[in-house]
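# Observations on the three-dimensional arrangement
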Amino acid sequence: MMSVIPITKHSFGYQKHFRALEINGWCHVNRALYWEEGGTSRPVHNRRQPGRAPCPLQPQGFLNKETSRMGNSLKAIVAFVPSNKCQKYLLEDLKEMPVDKMVDLSGRQLRRLPLHICSFRELVKLYLSDNNLNHLPPELEQLQNLQILALDFNNFKALPLVVCTLKQLCILYLGNNKLCNLPFELRLLQNLKTLWIESNCLQYLPEVVCELSLLKTLHAGSNALRALPSQLRCLQELRTIWLSGNLLSEFPPVLLHMPFLEVIDVDRNAIRYFPSLAHLPSLKLVIYDHNPCRNAPKVAKGVRRVGRWSEESPEPRKRSGALVDITPEDMPLPPPTNKPELEAEPC
């Protein structure tokens, strides 16, 4: 039975206008399935999907939509003025740290982080999504209790190194920026459990990600990845990996050696052949739709597949409603094995 359920920040970065469908405990969101881990709900206002214009603020009380649009336009103009009065206008009434130790400055048209935010030393959650930020002040290092930092939907071309000094970070959202790499200093965030780097300009997965020993969720979709580093197998705590919308031409071999994975998403790639995944004992869900494949990955009993032939065994296929066995000549060839394979470095 499908039912619409509320969206929470713990599930998928509180992106706006997504509706979730619960299917046996899994949440279907924008062509990907997300496991709902619980947690308190949080409003998802002022979010936007990639490629779309910012959504206007929802009118409250007697304000109408036109007034709201004018307010957003005014904020966009004021954001260019570096004076303290203009920056305080963007922050509205935020003068002291909230009781819940959370500051949400999403969608405020900010071009720089107000320095007095860095004085909230007990701050635990800081949401700076959907702004025009491309740098952060060094004073951010004072927020040593910060556990959640959202920098998605901004203009970062490089991750500010000050972020790597926040050693209590557990969740870091960096999606929808212009990142081409990640700094080596990211390895200092040894408490990081969730990393979102989707919709950036990554042509390869930075190897520093493989040094985040407690990482449980990695979202690297909508980049230009063609392969994964063999060192990824060192992440023994990794349970969920999202790789949809990349340039993978074969199923990443390193994933075959990660028995603790529960969710694998390789939707919208260029994979033509899927090896058997039946030997992965913890696997619960594999998403392989929108690939030019001629077979479905073989999985163990009880594992959910999302893609062509997902309700069938991997061998047969349907033609005009009839089930036709694939002949040996039609079977897809496995990836070539004659090329030298790099030995994985010890973890």
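Described in the following lines is the structure provided in the data block. These numbers come from a predicted model, not from an experiment.

Summarising the element assignment, Thr-217 is placed in strand β10 (residues 217-219). Given a relative accessible area of 14%, Thr-217 falls into the buried group. Here the alpha-carbon distance between Thr-217 and Leu-261, two residues 44 residues apart in the chain, equals 9.9 Å. The contact partners of Thr-217, leaving out residues within four places of it in the chain, are Lys-193, Thr-194, Leu-195, Leu-238, Thr-240 and Trp-242.

This part covers the pattern of salt bridges. Evaluation of the coordinates by the stated rule reveals three salt bridges. Residues Glu-211 and Arg-187 are paired through a salt bridge, measuring 2.7 Å at the closest nitrogen-oxygen approach. Of this pair, Glu-211 sits in the loop between β9 (194-196) and β10 while Arg-187 sits in the loop between β8 (171-173) and β9, and the two are 24 residues apart along the sequence. Residue classification places Glu-211 among the partly exposed positions, given a relative accessible area of 31%. On the accessibility criterion, Arg-187 (33% relative accessible area) is partly exposed. In this structure, the salt-bridge partner of Lys-284 is Glu-262, at a minimum N-O distance of 4.0 Å. Of this pair, Lys-284 sits in the loop between β12 (263-265) and β13 (285-287) while Glu-262 is found in the loop between β11 (240-242) and β12, placing the two residues 22 residues apart along the sequence. Of the residues examined, Lys-284 reaches a relative accessible area of 42% and is grouped as partly exposed. The exposure class of Glu-262 is partly exposed, given its relative accessible area of 25%.

Analysis parameters
Residues numbered from 1 in each chain as written. Predicted model: local features only at pLDDT ≥ 70, side-chain atom pairs only at ≥ 80, totals over all residues. Heavy atoms only, no water. Helix = DSSP H or I, 4+ residues; strand = E, 2+ residues; numbered from the N terminus. Buried < 20%, exposed > 50% of the residue type's maximum accessible area, 1.4 Å probe, protein only. Contact = heavy atoms within 4.5 Å. Salt bridge = Lys/Arg side-chain N within 4 Å of Asp/Glu carboxyl O.

Don't take any of this as a statement about function, it's just geometry.
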